[in-house]
Every structure is written in C-alpha cells, then in structure tokens.
Amino acid sequence: MVDVRSGIGEALPPPEVEDVELYHPHSWWTKYVFSQDAKIIAIQYATTAIAIGMVALVLSWLMRLQLGFPGTFDFIDADAYYQFITMHGMIMVIYLLTALFLGGFGNYLIPLMVGARDMVFPYANMLSYWIYLLAVLVLVASFFAPGGPTGAGWTLYPPQAVLSGTPGGKDWGIILMLASLIIFIIGFTMGGLNYVVTVLQGRARGMTLMRLPLTVWGIFTATVMALLAFPALFVACVMMLFDRLLGTSFFMPAIVEMGEQLQHGGGSPILFQHLFWFFGHPEVYIVALPAFGIVSDLISTHARKNIFGYRMMVWAIVIIGGLSFIVWAHHMYVSGMNPYFGFFFATTTLIIAVPTAIKVYNWVLTLWRGNIHLTLPMLFALGFIVTFVNGGLTGLFLGNVVVDVPLSDTMFVVAHFHMVMGVAPIMVIFGAIYHWYPKMTGRMLNEALGQIHFWVTFLGAYLIFFPMHYVGLVGVPRRYYELGEMAFVQDSVHSLNAFISVMALIVGAAQIVFLFNLAWSVRHGRDAGGNPWRATTLEWQTPETPPAHGNWGKELPVVYRWAYDYSVPGAAEDFIPQNQPTPGLVTHEASS
Amino acid sequence: MSAPIKTPAAETLPRPAGLAGLASDWASDQRTFKNVSWGKAMMWIFLLSDTFVFGCFLLAYMAARMSTTVPWPNPSEVFALEIGGTHMPLILIAIMTFVLISSSGTMAMAVNCGYRRDRRKTAILMLVTALFGATFVGMQAFEWSKLISEGVRPWGNPWGAAQFGSSFFMITGFHGTHVTIGVIFLLIVARKVWRGDYDTERRGFFTSRKGRYEIVEITGLYWHFVDLVWVFIFAFFYLW
C-alpha cells in the first residue's frame, strides 16, 4: 500500500553558514515589548489581529441586526450600515486574516519548523509589527474622526469612495483608510521579506525544500504572493489619495455631483478595479494557501498518517499561487470591460479548480484508513474541508461569466465568499490555535469549552450561510441597507434574514467562549509537555516548551527525514521526529 | 553559540545530472541560493517587490495616457530649455540621466574597492555617488519648479490632459524619493566605511549585528535598481 524504503537520513552535507548571533534582551521592555524574538512578535501580531477582529465581529452583529430586523434599531442608519460593512470587510480580510496567518503563524512557525534560531533580520521583523500596529491604530482612528469611517464598501471603488454621497468620502474616513492600508503594506513588506529569506536561506542542515512541512510551503508561497500583489494595492491607494487630496483625476471621470460639475475629468474608474483586483484576487490565496498548508499538517498529525501525495501538494500550492495572478478580472465581469477578457479570465479561473481539487482529494485520501483522532484540531480541519468544498463549488458558478452576471452583487456572492474565504480559513485558524497553543504556552486548551466552540461555530456557520445562498438566488442584492417593499422578495426571505441574524449573534457569542478559553488556559490548562500531539515536525522537538529565545539551545537541529513519518512500520512509536537519525529505519519519504 | 555539530558517518548520495541536478541543487538543504548572504537575498526580493510598485505606477500612467480623450502634452516641448538662445528639447532630462548613469559607475567601483578592503577609496567613491544622486535630485527640483511656474499642477496644466501633471509629479516624485533615500543610505554607509566599522566588525546601533563590507554591495544593488527604474521612466514618460 505505502511505498516504504530504508532511511536516507544518514547522508548529510556539512553546515554552510555559521550559527547566527542573536540580540539578547537586557530588560523587560526589550524582552516582551520591543522584542526581536519572532515568537513574541508572533504573539503580538496575533493578539492585535484578534483584538481588531473582535471589532469586526461586533460590526457584523450590528449589520445583521439591521438586516434581520430592519427599522428596529434607531442608531443604525444607512450611513452607519455602510460604514459597518466596509470596516467589517476590510478588517477581516487585511487586518485579521492576512496579519494572523502571515504575521502570526508565519512568525511563530517558520523559524521553528525550518530549524532556525529566529527570522533572518529580527530587527526588521520587530519594526514590521510596530508598523502594523500603527496601521491598525490609524484604522481605528477613523471611527472617531469627523464623519466616521469610510462607507465605500471594502473594495473602495471610485468614484463613489471619494464623493460626498458616501460616508467618509469628503471627510476623514477614506483618507485614514487609504493611509492605513499604505502603512500596513510598508510594515508587511518588512516582515514578508524576512519570512521569504528565512525559508529560502535559513534552514537547518538536512532540511531540503521537499522536506518542509506543508505549513511552511503554504505560508512561504503566500508571502511571496503578498510581496508581489500588495504593490498594486499600494499604487491604487496612493493614486486615490491624490484624487481625494490633490484633486487629480486618475480614477475620476467627469462627474456632476448634486447638480454641480466637479473639477475632475478624464480618469478611469475601471483602472482602479484592475489594480485593486490584481491585488484582491491573490489576496484570497494569500489567506487560503497558509490555511491549505496548516490543515495538511493538522490532518496528517491527527490521523497518524503521512500526507497523501506530498509532492503533488507542494506543486499544487505553487501552481495555485501562480495562477491566482491571472484571474483577477473575474471580479469584474459586470464592470463593462472588454467581453473577451471575460472569456480569458473565466478559463483561467476554472483551471485553478484543478490543483485545488487535487489538494482536496489528497486531504481526503490522507484520512482514508488513517487512525483518526477526533481532537479539536482535527474537528476544525474536517470542518474546513467540507466548508471549503461547499464554498469552492459555488465558486464554479460565479467563475462562469453567464452564470455570474445574474448572480453578481447578490447575497449569493456574499454567501460564497464567506464560506470559502471567511469560514474556511477561520476554521483553520481555530484548529491551528488548538494545535499550537500547547507549544506557545505549555498548556492545553480546555477540551469541553473547545467542543462547545467547535460545534456552535461549525453548525452555526452553516445555518448562517446556507440560507444566504437561497436569499441570493431569489435575487436579493447585497449591500442594501433595507429591502423595503420589493415585489420579488418573498416573505420567506424576511424570516430567513431574521433567522440568519439570530444565528450570527449566537456564533459570535461562541467566540467569546473561545477567547475565555485562551485566557483561562494560560494558567489553568492541563500541562501539555513538549509534544502532546506526538508530532514529527521540528517545533515539537525544542528542548524547552515554550521554546526559549534562540529556539534550540546549544545545538541547531539536524534533519534526517521529511515531516510525515507517521505509523512507519518497524518504528517504536507511531511517529518519528524529523531530527531523529535512526539509521536503517524505513521512511515514507518520497525518493528525490 | 556555534558548538560543533556531530555528524553521523556520512555516505554521499549520487548527485543527479542535468535538469534534475539543477532542481536538486535548488531544493537542497540550508540554502536555496548557495553563497548568497541573507542581506543580499533580502535586497533582491525587496527589489522584485519594488519592481511591481513601479510597474503598477507606469502601467497606470500608460492606461491613463492611452484612454484620455484630451491631447497629451508633448514631453519634448514641455521639457525643453532655452540655453544661450538655442532651443534644446529634453536637455535637462538628458543631463539628469547622464548624471544618474555615471553614479552607477562610481557605485560599481565603490563595491569593487569595498571587497578589496580599500577603506578610503570606498568611502570616497560612495560619497561621489551620493553627490551625483543629490545633483540628480537637485535638477529634479529645478525641473519641478520650472513646470510649476509654467502652470503645471497635479490637477491640470495649460497644454492638455490633466493626467499629464498628475502622472508626472507622482512618478518622478516617487522615484526622486527613492533616490533621496538612496543618498541618505550611501552617506550612512560611507561614514561607517570611513570610520572603519567594517574592518573592526563593529556592531550596528539598532541591529547589534556585525558590520560587513557586503553592505556596500547591498546598497549598490538598491542604487543600480533606482537607476534602472529611471531608464524606464525616461523611456515611457519622456520619450514616448
């Protein structure tokens, strides 16, 4: 069944670089606040991301209150509603998901998993976090600025984003939003360069590229993509900022606003859409690829079985990353661009389904006849697979031009997007936190609270987003403050909307259980030991838990095998750590 | 910290030939790009990212220029100077380009001297490079003030499409910022070279890492990149 052969771990090339010198902190401030340790930076990133994510969660509650019970809440007027959806979307996509996967998990896991002492440039890495924090603060400041935050929708399409009809358009909202994005991109670049160079040039002896855990492959590819995709957003933000502040007309056509001819003319709103989606589509995979990678490791570890088709998984990640740069205009089928573009972009979009499907098959085949432990990380991983398949299938609808045109700008899009890019990656984030929290703190998260969290979140997410597909198919448009008396909207839609809102409140409340668990278990959790999941990857083999500054003590680890030697015949345990030589012992590692 | 690592008796695996050999070299352990230091790798990847920034700026400018319905001002005329009664199109831009390309030459010589550990020559050549860079920025300031005095603004100009001024100030401004940052870094590194920081491996103030002459080459990479970008701006903005 499995191709096993005798160990190849004995042959090792000599060390190529001398051990690095790290900055050793002298005070509490440099140890915990202005820390250059990637693990501390990771926790700072994650804490900030989760904190701002809670703001986005509350915003989604407020939105759902309005949609489910229109007219009941006085403080939600149309302007406020648009501000809520805009900030919810932007925070979730950029400041939570991107920052948490790359800044959080990337910082924590990359050095540990590749066997490095730290990121290659810890100082730049530290700056990356503080600039990210500044971006978050600028974003939060827009809530308190005159006119409130921008209500342009998270895509910030001009010309409406900078006109007076849009909340924040002629006030501070849009300016602070654009400034915050520019700051975020600068900060991210500092961190992203670190992650890429650490993976490429900072690995341990024996850690070849084809022995990297898929988590590292996912985060690495996503970071490369981010470094190439964020420039488009950066440029778009700079240009729109000029349109708003200097009166240029990059994106502004001739416009009459409230009976008054504006000073703009000759610009192209579609140009913004191209720039935005040249960033925006890779962004989907910047979030998805780390999730793909992490979930592969969760499944393999908790099913005690080697990942099925490791090389195929690596290539699928790389190919998805490449293809995602040539599909962006599938977000623009109804923008009025050249129809032949639609043909090209629909084709490339559907081609992405092939490597993606390979990954899903490989996850399922990894589970096949595995020794499945229904631990919390595994539950979330399984939740991810089904949610991702569901969200991916509706993506096939929306990727086709003819089907997309009637579904465009309906709640169907919202449901699809939230399934595939909202719920699915967040499932992985939860799974990953349950999986790695013991390494970060030395204690397990509470199992009972975790079970409550999983089942409410998983089932609740389906109760929220399944009905939303139907609401969209009926033709209910997205981004409408209230539906009013539209003839085509049946009564069932209104009751479904109320139902969805109630479910959203419940699922949101379940996250408070999770946060409580995080805080409570730091002191009161069960002692985890160094390797509670009996996992093979390097981060579980550190001399101390949580790992000390420098990760490995005196000697750097040496890697003798790939990351997936689970249930190897003849081995004493059902896992063999990557740094264990055991000469003569068989491995599942594919021959190179 | 660098304790010797015990290696088990090593048996060498046969190295694959041809394409497979290339792939296995790249995929080998520790480093993908052999003999490339972390700093250099980081600068190359940053430059790749920055290429996308400038690429987006230039593509956006080209899209605006191609789609505008109002005629585009003729750059040869706009950037012409009267020198001694002679009308010379693009003369200032030509001089600016010459200065910047020359600075690449002195930078390359500085890198060479740096690796020879010729402290004095390296520092002087870097200062000359910085001087060329500052001259470039100075001429750019002159060009900007000339255009502003003629009525060119980000939101309009006397000769045609408003996007001309917007793109001009945005792209040359962004490039000029890059040059300015480069000049600042050149001065900082030149000072450290002069002081002998890289001979004594003095530790950095912020990073507390040992200084190496390699930083001269890394600064050079950035500088050459900024020059190369200028060539594209020159071709696409001034010559088109």
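Sequence order as written defines the numbering, with residues in each chain counted from 1. The order in which chains are written sets their letters, starting at A; the order in which ligands are written sets their numbers, starting at 1. Note on the predicted model: pLDDT of at least 70 is required for a residue's local features to be given, and 80 or more for side-chain atom pairs to be given and counted; whole-chain, interface and lining totals, by contrast, use all residues.

Under the annotation held in an unreviewed UniProt entry, chain B carries the name Cytochrome bo(3) ubiquinol oxidase subunit 3 and is attributed to Rhizobium fredii. Regarding chain B, the UniProt comment filed under Subunit (unreviewed entry) reads as follows: "Heterooctamer of two A chains, two B chains, two C chains and two D chains." In its Function (unreviewed entry) section, the UniProt entry covering chain B states "Cytochrome bo(3) ubiquinol terminal oxidase is the component of the aerobic respiratory chain of E.coli that predominates when cells are grown at high aeration. Has proton pump activity across the membrane in addition to electron transfer, pumping 2 protons/electron." UniProt positions are given in the numbering used here, feature names are shortened, and annotations may be inferred rather than shown by experiment.

Peer 1: Requested: an account of the interface of chain A and chain B, with residues and values cited.
Peer 2: How big an interface is tends to be expressed through the accessible area that disappears when the partners come together. Whether two residues are in contact depends on their C-beta atoms, placed from the backbone: they are in contact if these lie within 7 Å. Counting residues at the interface gives 55 residues for chain A, matched by 47 residues for chain B. Secondary structure is summarised from DSSP: a helix means a run of H or I of at least four residues, a strand means a run of E of at least two, and numbering begins at the N terminus for each. Of all the secondary structure elements, the ones that give two or more residues to the side of chain A that touches chain B are α5 (173-201), α6 (214-245) and α7 (269-302) of chain A. Tallying contributions element by element places α6(A) first for the side of chain A that touches chain B, with eight residues.

Peer 1: Pulling in residues and values, what's your account of the environment of Leu538(A)?
Peer 2: Residues and elements named next belong to chain A. Looking at the element boundaries, Leu 538 is found in the loop between α14 (491-524) and β4 (586-587). Leu 538 gets classed as buried once you count the C-beta atoms within 10 Å, which come to 25. Taking the C-alpha atoms as reference, Leu 538 lies 6.3 Å from Gln 578; in sequence the two are 40 residues apart. Among all residues touching Leu 538, those that are not within four sequence positions of it are Leu 112, Met 113, Gly 115, Pro 557, Gln 578 and Asn 579. Every C-beta atom is placed from the backbone, and the number of other C-beta atoms within 10 Å of a residue's own sets its class: buried at 20 or more, exposed at 12 or fewer, partly exposed in between.

Peer 1: If you had to explain the UniProt feature "transmembrane region" (unreviewed entry) in chain B to someone new, which residues and values would you point to?
Peer 2: All names here are of chain B. Taking the numbering used here, the UniProt-annotated feature "transmembrane region" (unreviewed entry) corresponds to residues 41-64, 90-111, 123-142, 162-194 and 215-239. For residues 41-64, helix accounts for 100% and strand for 0%, while the C-alpha atoms at its two ends are 35 Å apart. The distance separating the terminal C-alpha atoms of residues 123-142 is 28 Å; by composition the span is 100% helix and 0% strand.

Peer 1: Give me α6(A): which residues, what numbers.
Peer 2: Expected helix span is taken as 1.5 Å per residue step, with the number of steps being one fewer than the number of residues. With 32 residues, α6(A) ought to run about 46 Å at 1.5 Å a step, and its terminal C-alpha atoms sit 45 Å apart, in line with that. Of the residues trailing α6(A), Gly247(A) is marked for its positive phi of about 80°.

Peer 1: So what about unusual backbone geometry? Which residues, and what values?
Peer 2: All names here are of chain A. Residues Pro 158 and Pro 159 are joined by a peptide bond in cis, for which omega reads 0°. Among the structural elements, Pro 159 can be located in the loop between α4 (122-144) and α5. At the junction of Thr 545 and Pro 546, the peptide bond is cis and its omega measures out at -5° in the coordinates. For Pro 546, the position within the fold is in the loop between α14 and β4.

Peer 1: Go over the UniProt feature "domain: Heme-copper oxidase subunit III family profile" (unreviewed entry) in chain B with me, naming the residues and quoting the values.
Peer 2: Following the UniProt record, one finds the feature "domain: Heme-copper oxidase subunit III family profile" (unreviewed entry) at residues 43-240 of chain B. The straight-line gap between the two end C-alpha atoms of residues 43-240 of chain B is 31 Å; of that span, 73% is helix and 3% is strand.

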